[in-house]
Amino acid sequence: AQRVTQPEKLLSVFKGAPVELKCNYSYSGSPELFWYVQYSRQRLQLLLRHISRESIKGFTADLNKGETSFHLKKPFAQEEDSAMYYCALSSNTNAGKSTFGDGTTLTVKP
Amino acid sequence: ETGVTQSPTHLIKTRGQQVTLRCSSQSGHNTVSWYQQALGQGPQFIFQYYREEENGRGNFPPRFSGLQFPNYSSELNVNALELDDSALYLCASSWDQLSTGELFFGEGSRLTVL
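Residues numbered from 1 in each chain as written. Chains lettered and ligands numbered in written order. Predicted model: local features only at pLDDT ≥ 70, side-chain atom pairs only at ≥ 80, totals over all residues. Heavy atoms only, no water.

*Asks:* Help me understand the overall build of chain A, please; the structure alone is not making it clear to me.
*Replies:* In terms of helices and strands, chain A carries 0 helices and 11 strands. Along chain A, helices and strands appear, N-terminal first, in the series β-β-β-β-β-β-β-β-β-β-β. A compact globule built from 110 residues would reach a C-alpha radius of gyration of about 13 Å, and chain A, at 13 Å, matches this within 12%. In terms of overall dimensions, chain A has a C-alpha envelope of 40 × 30 × 25 Å along the principal axes. (Helix = DSSP H or I, 4+ residues; strand = E, 2+ residues; numbered from the N terminus. Rg over C-alpha atoms; globule rule 2.2 N^0.38 Å.)

*Asks:* I tried to follow the interface of chain B and chain A on my own but got confused; where do I start?
*Replies:* Much of the literature gives interface size as the accessible area that the parts lose upon coming together. The partner chain A presents 21 residues to the 22 residues of chain B that form the contact. Between chain B and chain A the total buried area reaches about 1,800 Å² when both faces are included, carbon and sulfur atoms providing 49% of it. Linking chain B with chain A are 1 salt bridge, by the criterion used here. The partner of Glu107(B) in a salt bridge is Arg43(A), and the shortest N-O contact between them spans 3.8 Å. Run the count over chain B and chain A and you get 9 residue pairs in polar contact (both at pLDDT 80 or more). Elements supplying a minimum of two residues to the side of chain B that touches chain A: strand E4 (31-37), strand E5 (44-50) and strand E6 (53-57) of chain B. For the side of chain B that touches chain A, the element with the most residues is E4(B), which contributes 3 residues. Taken together, the residues that form the side of chain B that touches chain A break down as 7 nonpolar, 13 polar and 2 charged. (Contact = heavy atoms within 4.5 Å. Buried area = accessible area lost by both parts, 1.4 Å probe. Salt bridge = Lys/Arg side-chain N within 4 Å of Asp/Glu carboxyl O. Polar contact = N/O pair within 3.5 Å; in protein donor to acceptor, adjacent residues only side chain to side chain. Nonpolar A, V, L, I, M, F, W, Y, C, P; charged D, E, K, R; others polar.)

*Asks:* Whenever I open this one, the sheet that holds strand E7 (residues 64-68) of chain B confuses me. Can you help?
*Replies:* Note: strands within a sheet are paired through backbone hydrogen bonds, in either parallel or antiparallel orientation. Residues and elements named next belong to chain B. One open sheet accounts for 4 strands, arranged E1-E3-E8-E7; its pairing is antiparallel. At either margin of the open sheet sits one strand with a lone partner, and together these are strand E1 (5-7) and E7. For this sheet the average axis-to-axis angle between neighbouring strands, irrespective of direction, equals 20 degrees. Where E7 lies against strand E8 (residues 74-78), 5 bridges are found, and the strand directions are antiparallel. Across the sheet, residue Leu67 finds its bridge partner in E8, namely Glu75. (Pairing = 2+ DSSP bridges. Axes fitted to C-alpha atoms, helices over the stretch in contact; angles between N-to-C directions.)

*Asks:* Would you take a moment to explain the environment of Tyr35(B) for this structure?
*Replies:* Within the secondary structure, Tyr35(B) sits in strand E4. Owing to a relative accessible area of 0%, Tyr35(B) belongs among the buried residues under this scheme. In the structure, Tyr35(B) is positioned 22 residues away from Arg57(B) in sequence and 10 Å away in space, judged by C-alpha atoms. Looking at Tyr35(B), its side chain comes within polar contact range of the main-chain nitrogen of Ser98(A), at 3.0 Å. (Buried < 20%, exposed > 50% of the residue type's maximum accessible area, 1.4 Å probe, protein only.)

*Asks:* Help me understand the pairing of E8(B) in this model?
*Replies:* Within a regular strand, the side chains alternate between the two sheet faces. Residues and elements named next belong to chain B. The buried count for E8 comes to 5 of 5 residues, which makes it a mostly enclosed element. Burial along E8 is two-sided: Ser74, Leu76 and Val78 and Glu75 and Asn77, pointing in opposite directions, are all buried. Here strand E3 (residues 19-24) pairs with E8 via 5 bridges, running antiparallel. Opposite Cys23, over in E8, you have Ser74 as the bridge partner. What sits between E7 and E8 in their antiparallel hairpin is a turn of 5 residues, with Tyr72 showing a positive phi close to 75 degrees.

*Asks:* Which parts of the structure should I look at to understand the confidence of the model for chain B?
*Replies:* Atomic detail in the predicted coordinates should be set aside for any region of low pLDDT. Here chain B averages 92 in pLDDT, and 95% of its residues register 70 or above. By mean pLDDT, E6(B) is the weakest element of chain B at 91, and strand E11 (residues 109-113) of chain B is the strongest at 98. (pLDDT = per-residue confidence, 0-100.)

*Asks:* Mind showing me how you'd approach unusual backbone geometry here?
*Replies:* Note on backbone geometry: most residues besides glycine have negative phi, and most peptide bonds are trans. Note that the residue after Ser7(B), namely Pro8(B), is joined by a cis bond; omega there is -10 degrees. Take Pro8(B): it is sitting in the loop between E1 and strand E2 (10-13). Of note, Lys57(A) is a non-glycine position whose phi angle comes to about 55 degrees, a positive value. One can find Lys57(A) in the loop between strand E6 (45-49) and strand E7 (60-61). Non-glycine residue Ala80(B) carries a positive phi angle of around 45 degrees.

Structural data, given as structure tokens:
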């Protein structure tokens, strides 16, 4: 069975500090991993996916198959990064059937 | 290009009633997935529709059913509502069932069952 765990419900950092949002998963096949973000009063939207190996808004995430993790990192947090972040996993053929974690609320304090 | 739209945005029902939620997919998308998001939890996959056929289902009972129309819009129907069905229901569309690309979400329909 697929499972995604985000161990921190809440995470608070100061502006300019590094931030890491943790995501661990369990899946027997080859997973596709995603990070979604929901800003206040906005809809859920894709932030980044591991297959793209891209940096979006300064965020990066590396898939570590040995540790079954896909942590989201940013070296210098900004106040506009405050949002709810969800890690999600799908099979390598259908992103529509994703398993989501329960999310981490990130607050970046001035 | 229009995004994913859902209706209604909010509704209140009583136990035992039936509800229909609607979703218009993003222009050009032929695949719609439905998710249930209970308070404080992440979205949970209900089922997916691809070209008017159900294409996979999560761990939800048969009283959760759906439809997809030729224009790729979709409906989620829930019969015999229970208190635990109270949640935000999200619709997400994508280019194709075999897509590992981006899911585009609607703003959701918030259902309260009393």
